[in-house]
Amino acid sequence: MTETANARKIAFATFVRRALDEARATRAWSGTEVSRRTGVSRQTINRWVRGDWASDPEAERVVAFCEGLGLSPATAFAALGWERATAPRNTPAPPPMDPDVEALLRRLVDPDVSDAEKFHIRETIRYLAYRPTLPVDVRKRGKQAG
């Protein structure tokens, strides 16, 4: 392996490792959750972290990984030594964030908030995000009965 190829592997592995650390620290995402959100298998992500790949990662997977984590694919491409940039997608602007959600996010990054409270906030958000929702017709029946 050439010195340049090895340096590219190390740079990309560092990029992926930092992205995973950030996802764990700020969103409390496990490796499985990162895989689910990005559409990139855990095995592939683990190979990237180890620099254990014979040919360059597929651009589509790199883009999916970055977009799932809210990162710029250009940063990953630069780590890989790729000169090309991704074409911007025509995605609508995200809706404005609810003020209560913004307040929770500020608390999660505030160094004066205890780890126990941050854990409680994350667990509550996780519960609310993944709880099953009732079908619309079941919710309407409950209102009519009351």
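Cut-offs and rules
Residues numbered from 1 in each chain as written. Predicted model: local features only at pLDDT ≥ 70, side-chain atom pairs only at ≥ 80, totals over all residues. Heavy atoms only, no water. Helix = DSSP H or I, 4+ residues; strand = E, 2+ residues; numbered from the N terminus. Buried < 20%, exposed > 50% of the residue type's maximum accessible area, 1.4 Å probe, protein only. Contact = heavy atoms within 4.5 Å. Areas by Shrake-Rupley, 256 points an atom, 1.4 Å probe, with all protein chains shown as cover. Patch = residues over 30% accessible without salt bridge, like charges linked within 9 Å, V, L, I, M, F, W, Y side chains within 5 Å. Salt bridge = Lys/Arg side-chain N within 4 Å of Asp/Glu carboxyl O. Core = buried A, V, L, I, M, F, W, Y, C linked by side-chain atoms within 4.5 Å. Phe/Tyr/Trp six-rings, centres within 6.5 Å; stacked < 30°, edge-to-face > 60°. Lys NZ or Arg CZ within 6 Å of the ring centre and 35° of its normal.

Asker: Could you give me a rundown of the overall build of the protein, with the residues and numbers involved?
Answerer: Within the protein, the secondary structure is distributed over 8 helices and 0 strands. Secondary structure elements of the protein occur, N-terminal to C-terminal, as α-α-α-α-α-α-α-α. By residue count, 27% of the 146 residues in the protein fall in the buried class. Look at the contacts in the protein between residues 6 or more apart in sequence, and 54% of them connect residues 24 or more apart. Of the accessible surface of the protein, which amounts to about 10500 Å², a share of 55% is contributed by carbon and sulfur atoms.

Asker: Tell me about a nonpolar patch on the surface, and please be specific about residues and values.
Answerer: Taken together, Met97, Val101 and Leu105 make up a surface patch of nonpolar side chains, about 240 Å² in accessible area. Among the structural elements, Met97 can be located in the loop between helix H5 (73–80) and helix H6 (99–109).

Asker: Residue-level account of the pattern of salt bridges, with values.
Answerer: Considering all chains together, one arrives at 8 salt bridges under this definition. Ionic pairing is found between Glu33 and Arg37, a salt bridge with its closest N-O pair at 2.5 Å. Placement of both Glu33 and Arg37 in helix H2 (residues 31–38) is noted, with a separation of 4 residues, approximately one turn of the helix. Residue classification places Glu33 among the buried residues on the basis of a relative accessible area of 15%. When salt bridges that share partners are traced, they join Glu33, Arg36 and Arg37 into one network.

Asker: Quick rundown of unusual backbone geometry? Include the residues and the values.
Answerer: A positive phi is found at Ala28, a non-glycine position, where the angle reads about 60°. Summarising the element assignment, Ala28 is placed in the loop between helix H1 (3–27) and H2. Ala28 gets classed as partly exposed once you look at its relative accessible area, which sits at 28%.

Asker: Kindly report on the nonpolar core, identifying the contributing residues and their values.
Answerer: Counting 24 residues, the largest nonpolar core has Phe12, Val16, Val62 and Phe65 as its most contacted members. Of all the secondary structure elements, the ones that give two or more residues to this core are H1, helix H3 (42–50), helix H4 (59–69) and H5. Ignoring sequence-local partners within four residues, the contact set of Phe12 consists of Trp48, Trp53, Pro57, Val62, Ala76, Ala79 and Leu80.

Asker: Run through the environment of Val16, naming residues and quoting values.
Answerer: On the secondary structure map, Val16 appears in helix H1. Classification of Val16 as buried rests on a relative accessible area of 0%. It is 9.7 Å that separates the C-alpha atoms of Val16 and Arg50, two residues lying 34 residues apart in sequence. When near neighbours in sequence (up to four residues on either side) are disregarded, Val16 contacts Ile45, Trp48, Val49 and Phe65.

Asker: Which residues make up the packing of aromatic side chains, and what values do they have?
Answerer: Under the definition given, this model contains 5 aromatic pairs. Each ring, one from Phe12 and one from Trp48, has its centre 5.2 Å from the other, and the planes form 70°; the classification is edge-to-face. With Phe12 in helix H1 and Trp48 in helix H3, the pair connects residues that are 36 residues apart, well separated along the chain. The residues Phe12 and Trp48 share a single accessibility class, namely buried. Seen from their ring centres, Phe77 and Trp82 are 5.0 Å apart, and the 55° between their planes marks the pair as tilted. Through pairs of rings, three or more aromatic residues link up here, namely Phe12, Phe15, Trp48, Trp53 and Phe65. Above the ring of Trp53, the side-chain terminus of Lys9 is found at 5.2 Å from the ring centroid. Lying over the aromatic face of Trp29, Arg27 brings its terminal NZ or CZ to 4.7 Å of the ring centre.

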